[in-house]
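Take a look at the letters that make up each chain.
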Amino acid sequence: MFNHWLRNNKVASWLLTIVRIYLGYSWIKGGIEKLTGGFDAGGFLQGAIAKSTGDHPAVQGWWAAFLEHAALPGVKFFNVLIPLGETLVGLGLILGTFTTFAALMGMVMNAAFLFSGTVSTNAQMLLLEMFIVVAAANAGRIGLDRWVLPYLRGLFHRHHDGMDPTPAPAPGMNGKSKGAA
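Quick summary incoming for the structure in this document. All of these numbers come straight from a predicted model, not from anything done at the bench.

Looking at the overall build of the protein chain
Working step 1: Summing up its helical and strand segments, the protein chain has eight helices and zero strands in all.
Working step 2: For the protein chain, the sequential pattern of α-helices and β-strands runs α-α-α-α-α-α-α-α.
Working step 3: Buried positions account for 31% of the 181 residues belonging to the protein chain.
Working step 4: Only carbon and sulfur atoms are counted for the fraction: they give 68% of the accessible area of the protein chain, which is about 11800 Å².

Examining a nonpolar patch on the surface
Working step 1: A grouping of Y25, V80, L84, L88, L91, I94, L95, L144 and W147 is seen on the molecular surface, where their side chains present a nonpolar patch of about 860 Å² in accessible area.
Working step 2: Counting through the fold element by element, L144 comes out in the loop between helix 7 (122-135) and helix 8 (145-156).
Working step 3: Residue L144 is classed as partly exposed on the basis of its relative accessible area, which comes to 37%.

Considering the packing of helix 2 (residues 10-36) against helix 7
Working step 1: The contact between helix 2 and helix 7 brings their axes to 10 Å, and the two run at 130 degrees. With respect to helix 7, the element helix 2 is oriented oblique. The crossing of helix 2 and helix 7 is left-handed. Facing helix 2, whose interface residues are L16, V19, R20, Y22, L23, S26 and W27, helix 7 presents Q124, M125, L128, E129, F131, I132 and A135.
Working step 2: Classifying every residue of the contact of helix 2 with helix 7 by side-chain character gives ten nonpolar, two polar and two charged.

Side note on the pattern of salt bridges
Pairs can form between side chains of opposite charge once their charged atoms are near each other.
Working step 1: Counting across every chain of the model gives two salt bridges.
Working step 2: A salt bridge links E33 to K29, with the nearest nitrogen and oxygen atoms 3.7 Å apart. Taken together, the positions of E33 and K29, both in helix 2 and four residues apart, correspond to about one turn of that helix.
Working step 3: For E33, a relative accessible area of 48% translates into the label partly exposed.
Working step 4: Between K34 and E86 there is a salt bridge, and its shortest N-O distance comes to 3.1 Å. Residue K34 is located in helix 2, and its partner E86 is located in helix 5 (residues 75-95); the two are separated by 52 residues in the primary sequence.

Here's the deal with the environment of G38
Working step 1: Among the structural elements, G38 can be located in the loop between helix 2 and helix 3 (42-50).
Working step 2: Along the chain, G38 and N79 lie 41 residues apart, while their C-alpha atoms are 8.9 Å from each other.

Examining the nonpolar core
Working step 1: Of all hydrophobic cores here, the largest spans 27 residues; its most connected members are L16, L23, W27, L45, L67, L93 and I132.
Working step 2: In terms of residues, this core owes the most to one element, helix 5, which gives five residues.
Working step 3: Those residues within four positions of W27 in sequence are excluded, and the remaining contacts are E86, T87, V89, G90, L93, G106, M109, N110, F113, M125 and E129.

Quick notes on the environment of A48
Working step 1: For A48, the position within the fold is in helix 3.
Working step 2: Sequence spacing of A48 and L67 is 19 residues, and the spatial spacing of their C-alpha atoms is 8.0 Å.
Working step 3: Not counting residues up to four positions away in its chain, the partners in contact with A48 are V59, L67 and S116.

Remarks on the side chain of E86
Working step 1: Taking the relative accessible area as the measure of exposure, E86 reaches 4% and is therefore buried.
Working step 2: Leave out the neighbours within four places in its chain, and E86 touches W27, I28, G30, G31, K34, M109 and F113.

Re unusual backbone geometry
Working step 1: Even without being glycine, F98 reaches a positive phi, approximately 50 degrees.
Working step 2: Structurally, F98 can be placed in the loop between helix 5 and helix 6 (99-115).
Working step 3: Backbone geometry places A136, a non-glycine residue, at a positive phi of 55 degrees.
Working step 4: With respect to the element layout, A136 can be found in the loop between helix 7 and helix 8.

Rules used in this analysis
Residues numbered from 1 in each chain as written. Predicted model: local features only at pLDDT ≥ 70, side-chain atom pairs only at ≥ 80, totals over all residues. Heavy atoms only, no water. Helix = DSSP H or I, 4+ residues; strand = E, 2+ residues; numbered from the N terminus. Buried < 20%, exposed > 50% of the residue type's maximum accessible area, 1.4 Å probe, protein only. Areas by Shrake-Rupley, 256 points an atom, 1.4 Å probe, with all protein chains shown as cover. Patch = residues over 30% accessible without salt bridge, like charges linked within 9 Å, V, L, I, M, F, W, Y side chains within 5 Å. Salt bridge = Lys/Arg side-chain N within 4 Å of Asp/Glu carboxyl O. Axes fitted to C-alpha atoms, helices over the stretch in contact; angles between N-to-C directions. Parallel < 35°, antiparallel > 145°, perpendicular 65-115°, else oblique. Left-handed = near helix turned anticlockwise from the far one by under 90°. Contact = heavy atoms within 4.5 Å. Nonpolar A, V, L, I, M, F, W, Y, C, P; charged D, E, K, R; others polar. Core = buried A, V, L, I, M, F, W, Y, C linked by side-chain atoms within 4.5 Å.

Right, dumping it as structure tokens:
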């Protein structure tokens with residue numbers, strides 16, 4: 001019942017717009033600060049790896065192994081990916097363009113930050129992004145998705161002759177009933 005309301009109700013779309021713009025502002029602000037401020041993820045990654053030791057580690061060993069053996073050696077890639085990703089997620093949420101995908105990518109980043117031992121606002125943002133993902137198209141109804149999604153659906157569902165195709169007869173059937181001449 002709540003799911004139906006979230007996906008179809010106009011009041012829900014307005015509430016989701018407020019949530020979407022709040023999240024978008026948070027993401028784009030962080031992304032632009034990193035893009036213009038000389039962001040380096042190396043220190044963050046080393047700090048997260050350090051949090052994986054001791055009696056009560058904040059970072060699980062499997063995640064620390066990923067950070068140590070994949071993310072840290074590829075830190076230059078992450079130095080570009082993180083600020084660019086944050087900026088694009090923020091832009092998508094603010095404009096309401098590819099809203100569900102933007103929120104999903106925000107969820108991935110928030111989960112990665114949480115796995116790395118950084119709580120901050122990540123848990124709150126993750127929860128709000130879940131509402132947007134569950135709401136699907138209703139979250140972007142008051143945004144550019146109102147026009148972008150139908151346009152894209154039209155591109156992918158067009159038929160060459162403009163008419164709906166008729167189903168082909170089953171194999172071995174010629175359209176005549178048994179015994180007909």
